Amino acid sequence: RQLLTARGKLPWKEVCRVLEDMLSALNCLHEHDLCHRDIKPDNIIYDEECGRWVLVDFGIAKSVNQARLATYTVVSQDSGTWDYMSPEQLKGRSVDIRCDIYSLGKVIWELLIGKVPRAGTRLPSAAGCDVSSDVDVLISRMVEDEKEARYQTPAEALQALREGAGYIEFKD
């Protein structure tokens, strides 16, 4: 959040590193059957000791089995941050790692354009960011309204990043 406040938006090379580190963190959560449920810029910090971006604040994280059992008729206060919540979270439905993938997609989009993306917000390349169209494809798939249309695992999104958007950026 501090970087966004200070700089407005970030270049793809920096955002790509954030995305890679966060997808790795989500992959670890997924392997342990956990769901963070509150991915947002405030919960992503840079750890200078290890030289990586890390995910923090697991206050509302749940095991996927717990999250399936918890059915909300109204979105409760402990269910996430509105601007980054997946459609299933907003509707009080059960969640899994795909809700974290959605939220991370919104964060990455915000890092590139400098503001929280809402309905009608243009994707980064159309908004004048210096990124390839592969980045738009990656983000679009991460923030699909239907969770079945999103990347199904963080590993799948990480592979797409490495084979597409990330690879193109660092190719030369």
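This structure is a prediction, so every number in the text was calculated from the model and none was measured. Here the residue index of a chain counts from 1 through its sequence in written order. At least 70 in pLDDT is required for a residue's local features to be given in this predicted model, at least 80 for side-chain atom pairs to be given and counted, and no such filter applies to totals for whole chains, interfaces and linings, which use all residues. Water and hydrogen atoms play no part in the side-chain values, which are based on all heavy atoms of the structure.

K.L.:
Is there a simple way to think about the side chain of Glu110 in this case?
P.N.:
Relative to the helices and strands, Glu110 is located in helix H5 (residues 97-113). A simple rule labels every residue: compare its accessible area, found with a 1.4 Å probe on the protein chains alone, to the largest value its type can have, and call it buried under 20%, exposed over 50%, or partly exposed in between. Of the residues examined, Glu110 reaches a relative accessible area of 3% and is grouped as buried. Looking at Glu110, its side chain comes within polar contact range of the side chain of Arg1, at 3.1 Å. If we skip the residues at most four places from it in the chain, Glu110 touches Arg1, Leu4, Pro41, Tyr84, Lys115, Val116 and Pro117. Under the DSSP-based scheme used, a helix requires at least four consecutive residues in state H or I and a strand at least two consecutive residues in state E, with every element numbered from the N terminus. Any pair of nitrogen or oxygen atoms within 3.5 Å is treated as a polar contact; in protein, a donor-acceptor pairing is required on top of that, and neighbouring residues in sequence qualify only through side-chain atoms on both sides. Residue contacts are defined here by distance: any two heavy atoms, one from each residue, within 4.5 Å place the two residues in contact.

K.L.:
For this particular structure, what's the right way to read the packing of aromatic side chains?
P.N.:
Two numbers describe a pair of aromatic rings. These are the distance of the centres and the angle of the planes. Centres within 6.5 Å make a pair out of two Phe, Tyr or Trp rings, where for Trp the six-membered ring is used; the pair is then stacked when the planes are under 30 degrees apart, edge-to-face when over 60, and tilted otherwise. All told, the structure shown has one aromatic pair when counted by the stated rule. Between the aromatic rings of Tyr46 and Trp53, the centroid separation amounts to 5.1 Å while the plane-to-plane angle is 65°, which identifies the pairing as edge-to-face. Here Trp53 falls in the buried class, since its relative accessible area comes to 17%.

K.L.:
How should helix H2 (residues 12-31) be read in this particular structure?
P.N.:
The periodicity of an α-helix, 3.6 residues per turn, causes residues three or four positions apart to be oriented the same way. For a helix, the expected span equals 1.5 Å multiplied by the residue count minus one. Its 20 residues place the ends of H2 28 Å apart at the C-alpha level, agreeing with the 28 Å of an ideal helix rising 1.5 Å per residue. Inspection of H2 places Trp12, Val15, Cys16, Val18, Leu19, Asp21, Met22, Leu23, Leu26, Asn27 and Leu29 among the buried residues, and these make up the whole buried set.

K.L.:
Even after reading the chapter, I still don't get the packing of H5 against helix H6 (residues 133-142), so can you show me in this structure?
P.N.:
Helix-helix packing: each pair is described by the crossing angle between the helix axes and the interaxial distance. Axis definition: a line fit to C-alpha positions, over the contact stretch in the case of helices; interaxial angles, taken between N-to-C directions, run 0 to 180 degrees. Close contact between H5 and H6 brings their axes to 8 Å; oriented N to C, the two are set at 140°. Along this stretch, H5 crosses H6, giving a crossing that reads as left-handed. Here Ile101, Tyr102, Leu104, Gly105, Ile108, Trp109 and Leu112 of H5 come into contact with H6, specifically with Val135, Ile139 and Met142. Among the residues making up the contact of H5 with H6, the classes are represented as nine nonpolar, one polar and no charged. Note on convention: near helix rotated counterclockwise from far helix by under a right angle means a left-handed crossing. Clockwise means right-handed. Classification used: nonpolar for Ala, Val, Leu, Ile, Met, Phe, Trp, Tyr, Cys and Pro, charged for Asp, Glu, Lys and Arg, polar for all others including Gly.

K.L.:
Would you take a moment to explain the nonpolar core for this structure?
P.N.:
As a rule of thumb, nonpolar side chains are buried together in soluble globular proteins. Note on terminology: a nonpolar core comprises buried Ala, Val, Leu, Ile, Met, Phe, Trp, Tyr and Cys residues joined through side-chain atoms within 4.5 Å. One finds Trp12, Leu19, Leu104, Ile108 and Leu112 to be the most contacted residues of the largest nonpolar core, which totals 38 residues. Counting residues per element, the ones that place at least two in this core are H2, strand S3 (52-55), H5, H6 and helix H7 (154-163). Here this core gets ten residues from one element, more than from any other, and that element is H5. In this structure Leu104 touches Leu19, Met22, Leu23, Leu26, Ile39 and Met142, once residues within four positions along its chain are discounted.

K.L.:
How do you make sense of the pairing of strand S2 (residues 44-47) when you look at a structure like this?
P.N.:
A regular strand places its side chains on the two faces of the sheet in alternate fashion. Two strands are said to pair when DSSP picks up at least two bridges between them. Sheet topology note: the S2/S3 ladder contains four bridges and is antiparallel. When the bridges of S3 are listed, Asp47 appears paired with Arg52.

K.L.:
I tried to follow unusual backbone geometry on my own but got confused; where do I start?
P.N.:
The bulk of non-glycine residues show a negative phi, and the bulk of peptide bonds are trans. Positive phi values are uncommon outside glycine, yet Asp33 reaches one of about 60°. Of note, Asp33 is situated in the loop between H2 and strand S1 (34-35).

K.L.:
Explanation requested: the layout of surface pockets in the structure shown.
P.N.:
Over the atoms a probe the size of a water molecule is rolled, and this reveals where empty space is left. A cavity here means a set of 1 Å grid points, computed over protein atoms only, where a 1.4 Å probe fits but cannot escape. A pocket is an open set with protein on both sides within 12 Å along at least 5 of 7 lines, and lining residues have an atom within 4 Å of a point. Grid points are joined across faces, edges and corners, and a volume is the space filled by probe spheres set on the points. Space inside the largest pocket adds up to approximately 260 Å³. Contributions of two or more residues to the lining of the largest pocket are made by helix H1 (2-7), S2 and H5. Grouping the constituent residues of the lining of the largest pocket by class yields eleven nonpolar, one polar and two charged.

K.L.:
Would you take a moment to explain the pattern of salt bridges for this structure?
P.N.:
Oppositely charged side chains may form a pair once their charged atoms are brought near each other. Any carboxyl oxygen of Asp or Glu within 4 Å of a side-chain nitrogen of Lys or Arg constitutes a salt bridge here. One pass over the structure, following the stated rule, counts eleven salt bridges. One salt bridge in this structure joins Asp96 and Arg98, with 2.7 Å as the shortest N-O distance. We note that Asp96, like Arg98, is buried. Counted as one network, the salt bridges with shared partners bring together Arg1, Asp42 and Glu110.

K.L.:
I keep staring at a negative patch on the surface and nothing clicks. Help me out?
P.N.:
Each patch is built from residues that are more than 30% exposed by relative accessible area and take part in no salt bridge. Like charges join if they lie within 9 Å; nonpolar side chains (Val, Leu, Ile, Met, Phe, Trp, Tyr) join within 5 Å. Surface accessibility in these figures is a Shrake-Rupley result with a 1.4 Å probe; residues are shielded only by whichever protein chains are displayed. None of His or the chain ends enter the tally, which takes Lys and Arg as positive and Asp and Glu as negative. Taken as the charge location is NZ of Lys, CZ of Arg, CG of Asp or CD of Glu. Taken together, the side chains of Glu144, Asp145, Glu146 and Glu148 make up a negatively charged region of the molecular surface. Note on placement: Asp145 falls in the loop between H6 and H7.

K.L.:
What should I look at first to understand the packing of H2 against H5 in this one?
P.N.:
Between H2 and H5, whose axes approach to 10 Å, the crossing angle comes to 170°. The angle between H2 and H5 places the two elements in the roughly antiparallel class. Across from Trp12, Val15, Val18, Leu19, Met22, Leu23, Leu26, Leu29 and His30 in H2, the residues of H5 making contact are Ile97, Asp100, Ile101, Leu104, Ile108, Leu111 and Leu112. Residues that form the contact of H2 with H5 fall into these classes: 14 nonpolar, one polar and one charged. Oblique is the label for any angle not covered by the other classes, which are roughly parallel (under 35 degrees), roughly antiparallel (over 145) and roughly perpendicular (65 to 115).

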